[in-house]
Amino acid sequence: GELPLSDYLDAVKLILADETDSNVFAAIIASINYLRRICAAVGKEQYASFSRIASELLKPTLDKLGYESKDGESPQQAELRTSLLSTLGSLGEPSVLARVAELWKSYRADSSSVSASLLPALVEITAANGEAALYDELLAMRSVAATPQEESRFLFALAAFRKPELIERTLADTLNGKIRIQDAPQMLRALFLNPDGGSLSWNFLKKNWAQIVAAFPLQGVIRLCEGITALVNPELEPEIKEFFASHNVKGNEKALAQNLESLSIANRFLQREREQILRILS
């Protein structure tokens, strides 16, 4: 939160000109996801504009790597491809979405046609752009999954859907027994981080807090509360702090304080950079 947006974009462009280290890209992608939340809080136009700029920064590296693994490729390169595919898909890069649609069709016809390293990103991106029919399809795939890993992949893909009615459906399932207690906190956290799920998740948490703390273990409550860091909105922050002042649980004090501080930092950055974001991204 210390570097102006224009300087950040210039720095990233220079860094990525010749960079292939997956660790460097991981740090840059994390910062891009952070800034997406900031820009979304400014407005839809700014969110769309930043997503386009971020795609332009990342796509050349994916184009160089290609969508298929190559002989002699390092594990780091495979990891980088998956990370770029996931990020560009979530940014709405048209060429990536078109390729993902082809890969999904191929995967459903023959599950061995897509490399295992690409599958998590493929499922997540497909879900993020899916409708109710795909939601039900993933539920069915979860029920016949061959391994616990497959079951988890199809389950948590449900958190990526962006239609409000599907987000609300998943939220309800975290407390009605359709999602196991050990999985529900992580699902709630993921729904907070969904670009279209923050407000719905916050309202759900407030309404059902007593049931949540009664049903979830302490570590689960701590985990799901990490999601509040995605609620970037200076006007909402006082409400969040007021709520947790009287609704926290014993053992969550330190973690909650850290999450609230992270939220405050994001809101301060937003307030400081709002005019520049409007100028650069409008």
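Residues numbered from 1 in each chain as written. Predicted model: local features only at pLDDT ≥ 70, side-chain atom pairs only at ≥ 80, totals over all residues. Heavy atoms only, no water.

Enquirer: Sorry if this is basic, but what is going on with helix α2 (residues 22–42) here?
Expert: Along an α-helix, residues three or four apart share an orientation, since each turn contains 3.6 residues. Here α2 spans 30 Å end to end across 21 residues, near enough to the 30 Å set by a 1.5 Å rise per residue. In this structure aspartate 21 caps α2, since a side-chain oxygen of it lies 2.7 Å from the backbone nitrogen of asparagine 23. (Helix = DSSP H or I, 4+ residues; strand = E, 2+ residues; numbered from the N terminus. Expected span 1.5 Å × (residues − 1). Polar contact = N/O pair within 3.5 Å; in protein donor to acceptor, adjacent residues only side chain to side chain.)

Enquirer: Is there a simple way to think about the pattern of salt bridges in this case?
Expert: If charged atoms from side chains of opposite charge come close, those side chains can pair. Considering all chains together, one arrives at 17 salt bridges under this definition. Here glutamate 131 and lysine 163 are joined by a salt bridge, their closest N and O atoms 3.7 Å apart. Of this pair, glutamate 131 sits in the loop between α6 (119–128) and α7 (132–143) while lysine 163 sits in the loop between α8 (148–156) and α9 (164–173), and the two are 32 residues apart along the sequence. By relative accessible area, which is 44% here, glutamate 131 ends up partly exposed. Classification of lysine 163 as partly exposed rests on a relative accessible area of 33%. (Salt bridge = Lys/Arg side-chain N within 4 Å of Asp/Glu carboxyl O. Buried < 20%, exposed > 50% of the residue type's maximum accessible area, 1.4 Å probe, protein only.)

Enquirer: Can you walk me through the packing of aromatic side chains in this structure?
Expert: For any pair of aromatic rings, geometry is given as the distance between the ring centres together with the angle between the planes. Counting across every chain of the model gives seven aromatic pairs. Note on tryptophan 209 and phenylalanine 243: the rings are 5.8 Å apart at their centroids and 85° apart in plane angle, and the pair reads as edge-to-face. A residue pair is termed long-range when its members are at least 10 positions apart, and tryptophan 209 in helix α11 (residues 198–215) and phenylalanine 243 in helix α13 (residues 237–247) qualify at 34 residues. Exposure remark for tryptophan 209: the relative accessible area of 6% places this residue in the buried category. Seen in terms of ring centroids, phenylalanine 243 and phenylalanine 244 are 5.2 Å apart; in terms of plane orientation they differ by 85°. Their pairing is edge-to-face. For phenylalanine 244, a relative accessible area of 4% corresponds to the buried category. The structure contains a cluster of three or more aromatic residues connected by ring pairs, namely Trp202, Trp209, Phe243 and Phe244. (Phe/Tyr/Trp six-rings, centres within 6.5 Å; stacked < 30°, edge-to-face > 60°.)

Enquirer: Honestly, the nonpolar core in this entry has me stumped. Any pointers?
Expert: One recurring pattern in soluble globular proteins is that nonpolar side chains are buried together. Counting residues in hydrophobic clusters, the biggest one holds 86 residues, and the most contacted among them are Phe50, Leu58, Leu138, Trp202, Leu205, Ile240 and Phe244. Non-local contacts of tryptophan 202, meaning those with residues more than four positions away in its chain, are made with Phe192, Leu231, Leu236, Glu239, Ile240, Phe243 and Phe244. (Core = buried A, V, L, I, M, F, W, Y, C linked by side-chain atoms within 4.5 Å. Contact = heavy atoms within 4.5 Å.)

Enquirer: Is there a simple way to think about the environment of leucine 9 in this case?
Expert: Along the chain, leucine 9 falls in helix α1 (residues 5–16). Taking the C-alpha atoms as reference, leucine 9 lies 42 Å from leucine 175; in sequence the two are 166 residues apart. Discounting chain neighbours no more than four positions away, the residues touching leucine 9 are Phe50, Ile53 and Leu57.

Enquirer: In this structure, what is going on with the environment of glutamate 253? I would like to understand it.
Expert: With respect to the element layout, glutamate 253 can be found in helix α14 (residues 253–281). What makes glutamate 253 partly exposed here is its relative accessible area of 44%. A distance of 2.8 Å separates a polar side-chain atom of glutamate 253 from the backbone nitrogen of glycine 251.

Enquirer: Explain the packing of α1 against helix α3 (residues 44–65) here, please?
Expert: Think of two packed helices as two axes; the pair is described by the angle between the axes and how far apart they sit. Packing of α1 against α3 brings their axes to within 10 Å, and their N-to-C directions diverge by 20°. Taken together, the axes of α1 and α3 lie roughly parallel to each other. On α3, the residues touching Leu5, Leu9, Val12, Lys13 and Leu16 of α1 are Phe50, Ile53, Leu57 and Leu58. Tallied by class, residues from the contact of α1 with α3 come to eight nonpolar, no polar and one charged. (Axes fitted to C-alpha atoms, helices over the stretch in contact; angles between N-to-C directions. Parallel < 35°, antiparallel > 145°, perpendicular 65-115°, else oblique. Nonpolar A, V, L, I, M, F, W, Y, C, P; charged D, E, K, R; others polar.)

All quantities given are derived from atomic positions and should not be read as evidence of function.
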